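Listed below, chain by chain, are the residues.
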Amino acid sequence: MAREPLMIDIVNLSKRFGRRDVLHDISLGVPRGRVLALIGPSGSGKSTLLRCVNLLETPDSGSITIDGSTMRFGATASRHRAKAMAAFRAEAGMVFQSFNLFPHMTVLENVMSGPRFVRGRSHDDAERIARPLLERMGMDSFADALPDRLSGGQKQRVAIARSLAMEPKVMLFDEATSALDPQRVAEILSVMRDLAQAGMTQIVVTHEMSYARDVADTVVFMADGHIVESGPARQVIEDPREERTRTFLRHFHMGKA
Amino acid sequence: MTYKWDFGPILQYWSIFRIGLEYTLGFTVASAVVGMAVGLLLTLARRSGWKILSIPAGAVVEIFRCTPALVQLVWCYYALPVVLGLSLAPATAALLALSLYGAAFYSEIFRAGLDSIDRGQWDAAAALGMTPVTMMRRVIAPQALRRMTAPLVSQVVLQLKNTSLISVVTVPDLVYQGQMVASATYKPLEVYTTIAVIYFLILFPLTQGARLLERRRHG
Ligand SMILES: Nc1ncnc2c1ncn2[C@@H]1O[C@H](COP(=O)(O)OP(=O)(O)OP(=O)(O)O)[C@@H](O)[C@H]1O
Ligand SMILES: [Mg+2]
């Protein structure tokens, strides 16, 4: 199999909080247009890894490359300036478990906030970007509502639209469905699946094993800050090589996604 | 024993009270503006993540929060010139002390306001690619300001009442001017009653406004 060009390339990434090693020499790559699912027990470092990719946490060493632009960390690397970090983050959209919509802005203003305040587009331009995204998420009728009037699933769709408005090169999802009612989980997963089919490169932290199996190309199982096993999604979920992966997966009842 | 109240002489000295009122309001506004500016700088320094800034700023806040305003005022007037080797006009010493005293409390209000913003808001704004300045301006400050308005108004009310202390260093505020009128007319009861009424007429609308703001925030 020819090596595909990598959209996200994480090399030898390490991160400690105080004396705790939270990420230990992590390397992984995601080819353009592919979906990588990150699974593992609570506290294994999945969120920290995702936050490092978006520089919400500063890694202690290693490097992160998104579409050819690289950030290096460690004693020998120079300190990154706030502007450079902001520009790097703008290339990666991030969706959180707790939505994190801006409560003082309407739904439409939330989605316009990236184009307007980061890209410096005019109000009208930003609206031209935001409206179709709201429509695509089925949220156009809520454009003028404030976020606290929305249900969890609706909030998450707005949050996804807000990220997409930046036209990111990759999307990072951190347990985007964990705070939702079971009925709402499927609707967000289907939005994420549509994105994958449209060719968006993604890293998805999830506890939805059937989604990981059916939608992701690669599944990575993490424990205690290490990558224990990684491989083709179906193989890792259905026939894991490592005992720890097997033990972890035994906790999940696998339905059809 | 009955005291015959007589406000007649007081009214004759109205122009003296007016000067006092101007000083009181002027010092309130000036020390609130300077105090908020310094308070904001102290808050930013405390949150900068650089110990060389955050530790001194934290120390300044605690020193001014944990000593009485009157002591600070007298200290600025009598002791500071000795320390600095230059003399300070009463008005300068008064403005300095009132501003720094206010700054310590404003800084606490700003800090609490910023801390009350959920960490997810900072994360989401950063993840979109906002620079720190944009993030503060578009996401954090608008939310924090709503929460800070009522405590800021309360602090300005205190600030106005604290200006009564500056009479001690001979700045001709309302209280100082009142003392002049009292010694000229031998009517201290009428004078202090008048002063109390003037303070009340200024502050009551302010506190009511603050209460309205507070109610709107919770309601
Ligand atoms: N800001 C922080 N300061 C100190 N420790 C932290 C911080 N953030 C995370 N940790 C620790 O790092 C470890 C990994 O946390 P992380 O949130 O990445 O795990 P996770 O795999 O996402 O877990 P979960 O499935 O519960 O979300 C945990 O032990 C956590 O307590
Ligand atoms: Mg997590």
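Residues numbered from 1 in each chain as written. Chains lettered and ligands numbered in written order. Predicted model: local features only at pLDDT ≥ 70, side-chain atom pairs only at ≥ 80, totals over all residues. Heavy atoms only, no water.

## Considering the pattern of salt bridges
When the charged atoms of two side chains with opposite charge come close together, those side chains can pair.
1) Next: Considering all chains together, one arrives at 28 salt bridges over all chains under this definition.
2) Next: Its salt-bridge partner being arginine 34 of chain A, residue aspartate 217 of chain A comes within 3.2 Å of it at the nearest N-O pair. One end of the pair, aspartate 217 of chain A, is in the loop between α7 (209–215) and β9 (218–223); the other, arginine 34 of chain A, is in the loop between β2 (20–31) and β3 (35–39), and 183 residues separate them in sequence.
3) Next: By relative accessible area, arginine 34 of chain A is classed as partly exposed at 31%.
4) Next: Aspartate 115 of chain B is the partner of arginine 111 of chain B in a salt bridge, and the nearest nitrogen-oxygen pair spans 2.8 Å. Placement of the pair is arginine 111 of chain B and aspartate 115 of chain B together in helix α5 (residues 90–115), with a separation of 4 residues, close to one helical turn.
5) Next: The network of salt bridges with shared partners includes Arg46, Arg47, Glu62, Arg65, Glu108, Arg111 and Asp115 of chain B. (Salt bridge = Lys/Arg side-chain N within 4 Å of Asp/Glu carboxyl O. Helix = DSSP H or I, 4+ residues; strand = E, 2+ residues; numbered from the N terminus. Buried < 20%, exposed > 50% of the residue type's maximum accessible area, 1.4 Å probe, protein only.)

## Thoughts on the nonpolar core
1) Next: In this structure, Leu13, Leu38, Leu49, Phe102, Leu172 and Ile203 of chain A together with Met130 of chain B are the most contacted members of the largest nonpolar core, which totals 55 residues.
2) Next: For this core, the domains that each give at least three residues are domain 1 (1–91 + 175–257) and domain 2 (101–168) of chain A.
3) Next: For leucine 38 of chain A, the contacting residues outside a window of four places in its chain are Lys46, Leu49, Ile203, Val204, Val205, Thr206, Val220 and Met222 of chain A.
4) Next: Residues Met112, Met192, Ala196 and Ile237 of chain A belong to the second largest nonpolar core, which totals 51 residues. (Core = buried A, V, L, I, M, F, W, Y, C linked by side-chain atoms within 4.5 Å. Domains from an automatic or database assignment. Contact = heavy atoms within 4.5 Å.)

## Things to note about the interface of chain B and chain A
1) Next: Listed by partner, the interface residues are 21 residues for chain B and 26 residues for chain A.
2) Next: For the pair chain B and chain A, the summed buried surface comes to about 1,700 Å²; carbon and sulfur atoms form 64% of the total.
3) Next: Ranking the residues of chain B by area buried against chain A places Ala127, Leu128 and Arg138 of chain B at the top, with a combined share of 32%.
4) Next: In this assembly, chain B and chain A are joined by 2 salt bridges.
5) Next: Arginine 51 of chain A is paired through a salt bridge with aspartate 123 of chain B; the nearest N and O atoms lie 2.8 Å apart.
6) Next: Between the two partners, chain B and chain A, sit 4 residue pairs in polar contact (both at pLDDT 80 or more).
7) Next: Among the secondary structure elements, those contributing two or more residues to the side of chain B that touches chain A are α6 (119–128) and α7 (132–162) of chain B.
8) Next: At 9 residues, α6 of chain B tops the list of elements feeding residues into the side of chain B that touches chain A.
9) Next: Here the side of chain B that touches chain A is composed, by residue class, of 10 nonpolar, 6 polar and 5 charged. (Buried area = accessible area lost by both parts, 1.4 Å probe. Polar contact = N/O pair within 3.5 Å; in protein donor to acceptor, adjacent residues only side chain to side chain. Nonpolar A, V, L, I, M, F, W, Y, C, P; charged D, E, K, R; others polar.)

## Quick notes on unusual backbone geometry
Residues and elements named next belong to chain A.
1) Next: Positioned with a positive phi, glutamate 167 is a non-glycine residue whose angle comes to about 50°.
2) Next: Its location among the elements puts glutamate 167 in the loop between α5 (152–164) and β7 (170–174).
3) Next: We classify glutamate 167 as exposed; its relative accessible area is 56%.
4) Next: At glutamate 175, a position not held by glycine, the phi torsion is positive, near 45°.

## Here we look at the domain arrangement of chain A
Often, the extent of an interface is quoted as the loss of accessible area on bringing the components together.
All names here are of chain A.
1) Next: As assigned here, chain A comprises domain 1 (1–91 + 175–257) and domain 2 (101–168).
2) Next: In this structure, domain 1 and domain 2 have C-alpha centres spaced 25 Å apart.
3) Next: Counting residues at the interface gives 10 residues for domain 1, matched by 13 residues for domain 2.
4) Next: Between domain 1 and domain 2, a total of about 960 Å² is buried, with carbon and sulfur atoms accounting for 68% of that surface.
5) Next: Linking domain 1 with domain 2 are 1 salt bridge.
6) Next: Across the pair glutamate 187 and arginine 157 runs a salt bridge whose closest N-O atoms are separated by 3.1 Å.
7) Next: Our count for the contact surface shared by domain 1 and domain 2 stands at 2 residue pairs in polar contact (both at pLDDT 80 or more).
8) Next: When residues of the side of domain 1 that touches domain 2 are assigned to their parent elements, the largest contribution, 5 residues, is made by helix α6 (residues 182–197).
9) Next: Partitioning the side of domain 1 that touches domain 2 into residue classes produces 7 nonpolar, no polar and 3 charged.

## Looking at the site of ligand 1
Residues and elements named next belong to chain A.
1) Next: Ligand 1 sits among 13 residues. The nearest are Ser42, Gly43, Lys46, Ser47 and Thr48.
2) Next: A distance of 3.2 Å is found between an oxygen atom of ligand 1 and a backbone nitrogen or oxygen belonging to serine 44.
3) Next: One nitrogen or oxygen atom from the side chain of lysine 46 is found 2.8 Å from an oxygen atom belonging to ligand 1.
4) Next: For the shell around ligand 1, the element with the highest residue contribution is helix α1 (residues 46–53), accounting for 3 residues.
5) Next: When the residues that make up the shell around ligand 1 are grouped by side-chain class, the tally is 3 nonpolar, 7 polar and 3 charged. (Near = heavy atom within 4 Å.)

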